[in-house]
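The residues making up each chain are set out below.
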Amino acid sequence: MKLYTSDKKESLSSWWLRFRLNHWPCLWCTGGKIQFISSDLRELHVSLKKNLRTLNRVGTIYGGSIYSSVDPYYMLMMMWILGPNYVVWDKAAKVKFVRPILDKVKIRFLITEELIQKTKQDILEKGEIVFDLPAKYEDEEGAVYATFEKTIYAASKEFYEKKLASKNMISAFKPNKRS
């Protein structure tokens, strides 16, 4: 169910991905629910409503649920879009709680073709890039409840591995081999 007007469609594979993510315990526990993932993985809609999992002491949605329900999506989307030859990490986040959420809100994550091309070009030239992506929780009338700015790091896998090796950090990101 799309929460926003979009010309994009959901495919069977993106529907299956949505189903799996909505049942992944760390995402399910946030109270957020993915309602739509486009077939090209460039658009994703999440809803969040007040319920037993999200309720705080004062009767509104808990701030931890608000943030955690949006946390992974830009990073995951960029990972899916760029593919296995790139490394993508969340680097930082900025959250502003505008007003208490008393009912249900929605948020849209959108990765444009221009952003993808700029990211790839910058990585080709510099090896890595850091950029910010905005998002906001709003209700059906468009009133904003929380705003977010996610800082994303992306690099070519080759550049990233060389960077880790030069800092002698490579072992921290590889599983230990048992004898």
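Residues numbered from 1 in each chain as written. Predicted model: local features only at pLDDT ≥ 70, side-chain atom pairs only at ≥ 80, totals over all residues. Heavy atoms only, no water.

Asks: Even after reading the chapter, I still don't get unusual backbone geometry, so can you show me in this structure?
Replies: Despite not being glycine, Leu 41 has its phi angle at roughly 65°, a positive value. Counting through the fold element by element, Leu 41 comes out in the loop between β1 (32-37) and β2 (43-49). (Helix = DSSP H or I, 4+ residues; strand = E, 2+ residues; numbered from the N terminus.)

Asks: Can you help me understand the packing of aromatic side chains in this one?
Replies: Each aromatic ring pair is characterised by the separation of its centres together with the angle its planes make. Per the counting criterion, the structure on display carries eight aromatic pairs. On the numbers, 5.4 Å between centres and 10° between planes, the contact of Trp 16 with Phe 19 is stacked. Here the residue Trp 16 and the residue Phe 19 both occupy positions in helix α1 (residues 12-22), the gap between them amounting to three residues, near one helical turn. A relative accessible area of 42% places Trp 16 in the partly exposed class. When the centroid spacing of 5.9 Å and the interplanar angle of 75° are considered together, the rings of Tyr 137 and Phe 148 count as edge-to-face. Here Phe 148 lies in strand β6 (residues 144-156) and Tyr 137 lies in strand β5 (residues 128-138), a separation of 11 residues in the sequence. (Phe/Tyr/Trp six-rings, centres within 6.5 Å; stacked < 30°, edge-to-face > 60°. Buried < 20%, exposed > 50% of the residue type's maximum accessible area, 1.4 Å probe, protein only.)

Asks: Teacher, can you tell me more about the pattern of salt bridges here?
Replies: Any two side chains of opposite charge can pair, on the condition that their charged atoms come close. Tallying each qualifying case throughout the model produces 10 salt bridges. Arg 18 is the salt-bridge partner of Glu 10, the closest N and O atoms lying 2.8 Å from each other. For Glu 10, a relative accessible area of 27% puts it in the partly exposed group. Arg 18 sits in the buried class, given a relative accessible area of 13%. Between Lys 163 and Glu 128 there is a salt bridge whose closest N-O contact spans 2.8 Å. On the criterion of sequence distance, the pair formed by Lys 163 in helix α6 (residues 157-166) and Glu 128 in strand β5 is long-range, its members being 35 residues apart. Salt bridges sharing partners connect three or more residues here, namely Asp 71, Asp 90 and Lys 150. (Salt bridge = Lys/Arg side-chain N within 4 Å of Asp/Glu carboxyl O.)

Asks: Where do I start with the environment of Asn 51 in this structure?
Replies: Counting through the fold element by element, Asn 51 comes out in the loop between β2 and α3 (63-68). For Asn 51, a relative accessible area of 23% translates into the label partly exposed. Reaching out from Asn 51, the side chain makes a polar contact with the backbone nitrogen of Arg 53 at a distance of 2.9 Å. (Polar contact = N/O pair within 3.5 Å; in protein donor to acceptor, adjacent residues only side chain to side chain.)

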